[in-house]
Amino acid sequence: MNEIKNMNLNDVDPITLSNALFVQKKMVEEKIDQMSKVEEAINNTARELKKHNDIN
């Protein structure tokens, strides 16, 4: 993402900038998806631990 931050709109042609933004957006979407899965795993684990502790 640093590549986008360092780009100056006057220094880069619109197609290159558009392509770079598209790639960056895809990377962010993938990271969000990964983090959502991590959050779900944490919630599932916490729920199972709570169920186990409630039984004992």
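As shown above, the structure is provided for reference.
I will try to describe carefully the structure that is included in this document. Predicted model, so just to flag it, every value in this text is computed and none were measured.

## What about the overall build of the protein chain?
In terms of helices and strands, the protein chain carries two helices and zero strands. Looking at the protein chain as a whole, 7% of its 56 residues qualify as buried. As presented, the protein chain carries roughly 5200 Å² of accessible surface, and 58% of it is formed by carbon and sulfur atoms.

## Digging into the pattern of salt bridges
On inspection of all chains with the given rule, the structure shows four salt bridges. For E29, the salt bridge goes to K25, with nearest N and O atoms at 3.4 Å. With a gap of four residues between them, E29 and K25 both fall in helix α2 (residues 14-55), about one helical turn apart. A salt bridge links D33 to K37; the nearest nitrogen and oxygen atoms lie 3.3 Å apart. Of this pair, D33 and K37 are both found in helix α2, four residues apart, which corresponds to roughly one turn of the helix. Under the relative-accessibility criterion, D33 is labelled partly exposed at 39%. Among the charged side chains, a salt-bridge network with shared partners connects K25, K26 and E29.

## Considering a nonpolar patch on the surface
On the surface, a nonpolar cluster with roughly 300 Å² of combined accessible area is contributed by F22, V23 and M27. Mapping V23 onto the fold places it in helix α2. Residue classification places V23 among the partly exposed positions, given a relative accessible area of 43%.

Conventions and cut-offs
Residues numbered from 1 in each chain as written. Predicted model: local features only at pLDDT ≥ 70, side-chain atom pairs only at ≥ 80, totals over all residues. Heavy atoms only, no water. Helix = DSSP H or I, 4+ residues; strand = E, 2+ residues; numbered from the N terminus. Buried < 20%, exposed > 50% of the residue type's maximum accessible area, 1.4 Å probe, protein only. Areas by Shrake-Rupley, 256 points an atom, 1.4 Å probe, with all protein chains shown as cover. Salt bridge = Lys/Arg side-chain N within 4 Å of Asp/Glu carboxyl O. Patch = residues over 30% accessible without salt bridge, like charges linked within 9 Å, V, L, I, M, F, W, Y side chains within 5 Å.

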